[in-house]
Amino acid sequence: MCEKHQHQSAAIADNHEGHDASRRKFIHATSAVGAGVMLSGLVPSLATAAPLAPKPGENIKSKGYAAFDDSGFLKPWEFERRPVGDDDILIDIKFASICHSDIHQMKGHWAPQQYPQVPGHEIVGVVAAVGKNVTKFKVGDRAGVGCMVDGCADCDTSTSRGEQYSPQTKFTYGHPDDRSPTGITQGGYATNIVVRDHFAVHIPEAISFEEAAPLLCAGVTTYSPLLKFNLKKGDKVGVAGIGGLGHLAVKLAVSKGAEVYAFTTSPGKVADIKAFGAKEVIVVDSPAALNAYRGQLDYMINTLPVAYDVAAYASVVKPFGTYTQVGMPNGFTVSVNALALSASQVNFNASLIGDMKETQDIVDYCVKHDIRPEIQVIPASDVNKAWESVIKKTARYRYVIDSSTI
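Here's what I pulled together on the structure shown here. (Residues numbered from 1 in each chain as written. Predicted model: local features only at pLDDT ≥ 70, side-chain atom pairs only at ≥ 80, totals over all residues. Heavy atoms only, no water.)

## Some points on the overall build of the chain
A count of helical and extended segments in the chain gives twelve helices and 17 strands. By residue count, 56% of the 406 residues in the chain fall in the buried class. With the model as given, the accessible surface of the chain reaches about 16,300 Å², and the carbon-plus-sulfur share is 53%. (Helix = DSSP H or I, 4+ residues; strand = E, 2+ residues; numbered from the N terminus. Buried < 20%, exposed > 50% of the residue type's maximum accessible area, 1.4 Å probe, protein only. Areas by Shrake-Rupley, 256 points an atom, 1.4 Å probe, with all protein chains shown as cover.)

## As for empty space enclosed by the protein
In this model, the largest cavity occupies a volume close to 150 Å³. As for the largest cavity, its lining consists of 15 residues, of which R81, D177, T185, Q186 and V194 are closest to the centre. Those elements that provide at least two residues to the lining of the largest cavity are β2 (74–81), β6 (148–150) and β8 (192–196). Residues of the lining of the largest cavity, tallied by class, amount to five nonpolar, four polar and six charged. Considered as a void within the structure, the second largest cavity measures approximately 50 Å³ in volume. Lining the second largest cavity, in full, are G146, C147, M148, F199, L216, V220, I353, G354, M356 and T359. Grouping the constituent residues of the lining of the second largest cavity by class yields seven nonpolar, three polar and no charged. (1 Å grid on protein atoms, 1.4 Å probe; cavity = no way out; pocket = protein on both sides within 12 Å on 5 of 7 lines; lining within 4 Å. Points joined across faces, edges and corners; volume = space filled by probe spheres on them. Nonpolar A, V, L, I, M, F, W, Y, C, P; charged D, E, K, R; others polar.)

## Some details on the nonpolar core
In this structure, I89, I98 and Y189 are the most contacted members of the largest nonpolar core, which totals 89 residues. Ranked by the residues each element gives to this core, the list is headed by helix α7 (residues 244–255), at six residues. When residues are assigned to domains, this core turns out to be shared by domain 1 (2–216 + 355–405) and domain 2 (218–350), each giving three or more. Apart from the residues lying within four places of it in its own chain, the contact partners of I98 are E122, Y189, I378, V383, A386, W387, V390, R398, Y399 and I401. Core analysis: the second largest hydrophobic core is formed by 21 residues, V284, L297, M300 and A314 among them. (Core = buried A, V, L, I, M, F, W, Y, C linked by side-chain atoms within 4.5 Å. Domains from an automatic or database assignment. Contact = heavy atoms within 4.5 Å.)

## A word on the sheet that holds strand β14 (residues 317–325)
Spatially, six strands are ordered β12-β11-β10-β13-β14-β15 in an open sheet, and the strand pairing comes out parallel. Looking at the sheet topology across the chains shown, the edges are occupied by β12 (280–283) and β15 (347–350). Going across the sheet, the axis of each strand differs from the next one's by a mean of 20°, ignoring polarity. Strand direction decides the pairing type here: strand β10 (residues 236–240) and strand β13 (residues 297–302), joined by four bridges, are parallel. Bridge pairing in β13 places G238 opposite M300. (Pairing = 2+ DSSP bridges. Axes fitted to C-alpha atoms, helices over the stretch in contact; angles between N-to-C directions.)

## Things to note about the pairing of strand β1 (residues 60–67)
The buried fraction of β1 is high, at six of eight residues. Bridge count for β1 against β2 is eight bridges, and the pairing is antiparallel. The residue of β2 that forms the bridge with S62 is F79. Connecting β1 to the antiparallel partner β2 that follows it, the hairpin turn spans six residues, and G72 within it adopts a positive phi of roughly 75°.

This is the structure in structure tokens:
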């Protein structure tokens, strides 16, 4: 293992220390309440180590880290992906970052899963081959893939609401896929991926691959509701849960001129959050900590990936303000005290990732405004330790897997 990865692996272990027991206590409380030669429709890669371009109709060999049961423990696995179709691109993956959703799904928290299954939906790399109909990308381009890999680009739902809401959309891993040799889509903790060109975005040279990866889920998931808030300078925005999603929500809201109030159950994060630009950081060690902010904020984004009582946090938003849920807990379930929520008169909604335009926009926006996620690059062999760190809320703030180590 190289010195960089040794140092970063040690950081994972260090982050386990000092876990805040008060966080668990509070959660329980609130829960209660073409540049190449075209060859038979595929362009051979000159930018990767692969010696040959895939032949038309040929499955793509891949290696990755997969879960084999609902323990969620990941192990190396060799598998095959579907051939590169006329509208597809093949990406040699350089980095893939870890989202809490990966953990929930592999452990079957949301629904029973088919295994083996490779997680990962924050993926960046280099285009290695393109189908004959592809004009958006050429071999050698830097490309990224988020939570979707296939589906309809121009059907009614995709164009009116966003691709993520279309019944034809295939999500990046665990989605039934009759074109896949494994029967399901397989994600980005791997050496390569095949994706329809519409569902990939361009990664500018001005941002590193490893810093771009978290933007493809964590970034767009928080950016999309911020756009719908139509923020004005001085608006007060609350962000609850300052992890992979939440820390980006803070940075993005600050960049738009908002006054950000960050709510965390981890006292050890306070200095970091202030450095991200938050006006105030509230350590929520009991429901009473929210009382001082009742009815003061214009908007709230809640990124908590655990069960909690919505009304407890919604109370800090002004009457008729907007409260958006983006965190997805076990069983997708949060509790709501109906009387308390009605008393606050808050407009409660939820948001699912972002559409493809928003996904490209968040990458370009972060490049333009010099916004970067806080990351730790790890070798693939440390992925299980990293998952434990995410679960214990000691990650700071997004782990990124170096795919060259798979």
